[in-house]
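Report on the structure
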Amino acid sequence: MTDTIKVIVAGPRGRMGSEALRMIEKEDNLELVACIDHKHDGKKLSELDGLPAFDVTIYADINTCFESVQADVLVDLTTPEVGYLHTKTALEYGIRPVVGTTGFTNEQLEELTDLAEEKGLGTVIAPNFAVGAVLMMQFAKMAAKYFPDVEIIEKHHDQKLDAPSGTAVKTAQLIQDVRESKKQGHPNEKETIQGARGADMDGMKIHSVRLPGLVAHQEVIFGSSGQNLTIKHDSFDRASFMSGVKLAVEQVMKLDLLVYGLENLLD
Ligand SMILES: NC(=O)c1ccc[n+]([C@@H]2O[C@H](COP(=O)([O-])OP(=O)(O)OC[C@H]3O[C@@H](n4cnc5c(N)ncnc54)[C@H](O)[C@@H]3O)[C@@H](O)[C@H]2O)c1
Ligand SMILES: O=C(O)C1=N[C@H](C(=O)O)CCC1
């Protein structure tokens, strides 16, 4: 029988955090031991309406939480600034972070990579936990070898804080790994309205759509003479992310360094 993994969730009232609580409730090998939330300090999670009724304490202060509760893994589903601080603090306390929070800078990712290595602690940072999205990114990387002209359109709900999405940035990074640097479009093209051509990453354009009703969607469109190839993924429900969160929580226990992207954990 495998040991139970003791988990703390940061951001339990959020769209993703609450879904993670519902996932943990169903899994015998995962045990929720505390939550971190800037509100409801000292309350029990069971006192909050609309969430699974776990008899665990909510801590507003991450240090107090880590000093009071013995845990193996911190699942962070908060905001970019908070998520970065939480990840760093977890590593300082010897707790393995599983981070779904997006919007970290390259410098922050590098710093966390070094810290995880120094501490010898597994860390998973995954901009997208949906297996379909991971495959979409891998397929895009495969296609980029043959189609160097590419634009990414990511579409999310209008409460999202960061743009472009973590998934779009990761997709562009994977494409960068296999394609020669290339500035796309007409060399003399001019935007008559600023931003019309989208964000630029190494010559690739990324377009971010934010609308009510959307969850998480991305199209990677490749163009070549006489043909287009579109690779598309849609998450219609946040349940789509949960098998990836569970896998990351299990696998992070076996790692001693930071991995960026769920593809590193799939066979
Ligand atoms: N990796 C993935 O597959 C994936 C999927 C969906 C969303 N996300 C990312 O996850 C993050 C959360 O997304 P969401 O849609 O659940 O957002 P949300 O706004 O619904 O939830 C964020 C939660 O963080 C909480 N929070 C803010 N400050 C805090 C603090 N100091 N301590 C503890 N909690 C704090 C808020 O109260 C809120 O409940 C975002 O960065 C989003 O981009 C990642
Ligand atoms: O809802 C969000 O916010 C999401 N963010 C991730 C990203 O930034 O790539 C992907 C899944 C949904």
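Counting restarts for each chain: residues are numbered from 1 in the order of the written sequence. A letter from A marks each chain and a number from 1 marks each ligand, given out in the order of writing. Per-residue local features of the predicted model are confined to residues with pLDDT of at least 70, and side-chain atom pairs are confined, for both listing and counting, to 80 or more; whole-chain, interface and lining totals are unaffected and use all residues. Only heavy atoms go into the side-chain values, all of them from the structure, while hydrogens and water stay out.

For the protein chain, the name recorded in an unreviewed UniProt entry is 4-hydroxy-tetrahydrodipicolinate reductase, with Aquibacillus koreensis as its organism. UniProt positions are given in the numbering used here, feature names are shortened, and annotations may be inferred rather than shown by experiment. Here the protein chain is described in UniProt, under the heading Function (unreviewed entry), as follows: "Catalyzes the conversion of 4-hydroxy-tetrahydrodipicolinate (HTPA) to tetrahydrodipicolinate."

1. Some thoughts on the overall build of the protein chain
Numbered from the N terminus, helices here are DSSP runs of H or I no shorter than four residues, and strands are runs of E no shorter than two. The helix and strand inventory of the protein chain stands at 7 helices and 12 strands. Two things to know: the radius of gyration comes from C-alpha atoms, and the globule rule equals 2.2 Å times the number of residues to the power 0.38. A globule of 267 residues ought to have a C-alpha radius of gyration of about 18 Å, and the protein chain, at 20 Å, matches this closely. Projected onto the principal axes, the alpha-carbon positions of the protein chain cover approximately 60 × 40 × 30 Å. Here a residue-residue contact requires only that any non-hydrogen atoms of the pair lie within 4.5 Å. Across the protein chain, contacts joining residues at least 24 apart in sequence account for 69% of those joining residues at least 6 apart. Split by element, the accessible area of the protein chain, about 13,200 Å² in all, is 49% carbon and sulfur. Per-residue and other accessible areas follow the Shrake-Rupley method at a 1.4 Å probe size, with only the shown protein chains counted as cover for residues.

2. Focus: the site of ligand 2
The environment of ligand 2 is made up of Thr-102, Pro-127, Asn-128, His-156, His-157, Lys-160, Asp-162, Ser-165, Gly-166, Thr-167, Ala-216 and Phe-241. Polar contact is defined as a pair of N or O atoms within 3.5 Å, subject to the rule that within protein one atom must be able to donate a hydrogen and the other to accept it, and that residues adjacent in sequence are counted only when both atoms are side-chain atoms. For ligand 2, an oxygen atom lies 3.4 Å from a polar atom in the backbone of Pro-127. At 2.5 Å from an oxygen atom of ligand 2 is found a side-chain nitrogen or oxygen belonging to Thr-167. When the free accessible area of ligand 2 is taken as 310 Å², the share hidden by the protein chains comes to 86%. Amino acids outside the nonpolar list (Ala, Val, Leu, Ile, Met, Phe, Trp, Tyr, Cys, Pro) and the charged list (Asp, Glu, Lys, Arg) are all regarded as polar, and Gly is one of them. Split into classes, the residues belonging to the shell around ligand 2 amount to 3 nonpolar, 7 polar and 2 charged. Only heavy atoms are used to decide nearness, and a residue is near a molecule or strand if one of them lies within 4 Å of it.

3. A short note on the sheet that holds strand β7 (residues 149-156)
When DSSP finds two or more bridges between two strands, those strands count as paired. If you trace the 5 strands from one edge of the open sheet to the other, you get β8-β9-β7-β10-β11, paired in mixed fashion. A single partner strand is all that each edge strand has here, and the edge strands are β8 (199-201) and β11 (227-235). The sheet shows a mean angle of 20° between the axes of neighbouring strands, direction not considered. Sheet topology note: the strand β10 (residues 216-224)/β11 ladder contains 9 bridges and is antiparallel. For Glu-219, the partnering residue across the bridge sits in β11 and is Lys-232. Taken strand by strand, helix α5 (residues 131-144) contacts β10 and β11, and its axis lies near 165° from that of β11. Axis angles are defined between N-to-C directions and span 0 to 180 degrees, where every axis is a line fitted to C-alpha atoms and, for a helix, only to the segment in contact. Each of β7, β8, β9 (204-210) and β10 is contacted by helix α6 (residues 166-178), which is oriented at about 30° to β10, the strand it contacts most.

4. What to know about the UniProt feature "binding site: (S)-2,3,4,5-tetrahydrodipicolinate" (unreviewed entry) in the protein chain
Those places that UniProt annotates as "binding site: (S)-2,3,4,5-tetrahydrodipicolinate" (unreviewed entry) correspond, in this numbering, to His-157, Gly-166 and Thr-167. For His-157, the location among the structural elements is in the loop between β7 and α6. When residues no more than four places from it in sequence are discounted, the contact partners of His-157 are Arg-15, Arg-210, Leu-211, Leu-214, Val-215 and Arg-238. Positionally, Thr-167 belongs in helix α6. Exposed residues in this analysis have more than 50% of their type's maximum accessible area, buried residues have under 20%, and partly exposed residues fall in between, with area computed by a 1.4 Å probe over protein chains only. Residue class for Thr-167 comes out buried when judged on its relative accessible area of 5%.

5. A closer look at the side chain of Ser-165
Within the secondary structure layout, Ser-165 lies in the loop between β7 and α6. The exposure class of Ser-165 is buried, given its relative accessible area of 1%. With sequence-adjacent residues up to four places away left out, Ser-165 is seen in contact with Glu-154, His-156, Lys-160, Arg-210 and Gln-218.

6. Some details on α6
Helix length check: α6, at 13 residues, gives a terminal C-alpha distance of 19 Å against a target of 18 Å (1.5 Å per residue), a fit within 8%. Residues Gly-166, Thr-167, Ala-168, Lys-170, Thr-171, Ala-172, Gln-173, Leu-174 and Ile-175 constitute the buried set of α6. The length a helix should cover is 1.5 Å for every residue beyond the first.

7. Some remarks on the site of ligand 1
In the region of ligand 1, 22 residues are neighbours, and Arg-15, Met-16, Thr-102, Ala-126 and Phe-129 sit closest. Contact distances for ligand 1 include 3.4 Å between an oxygen atom and a side-chain N or O atom of Arg-13. Between ligand 1 and Lys-160, the relevant distance is 2.9 Å, taken from an oxygen atom to a side-chain nitrogen or oxygen of the residue. Relative to its free-state accessible area of 850 Å², ligand 1 is covered by the protein chains to the extent of 83%. Listed by contribution, the elements that provide at least two residues to the shell around ligand 1 are α1 (15-26) and α3 (80-92).

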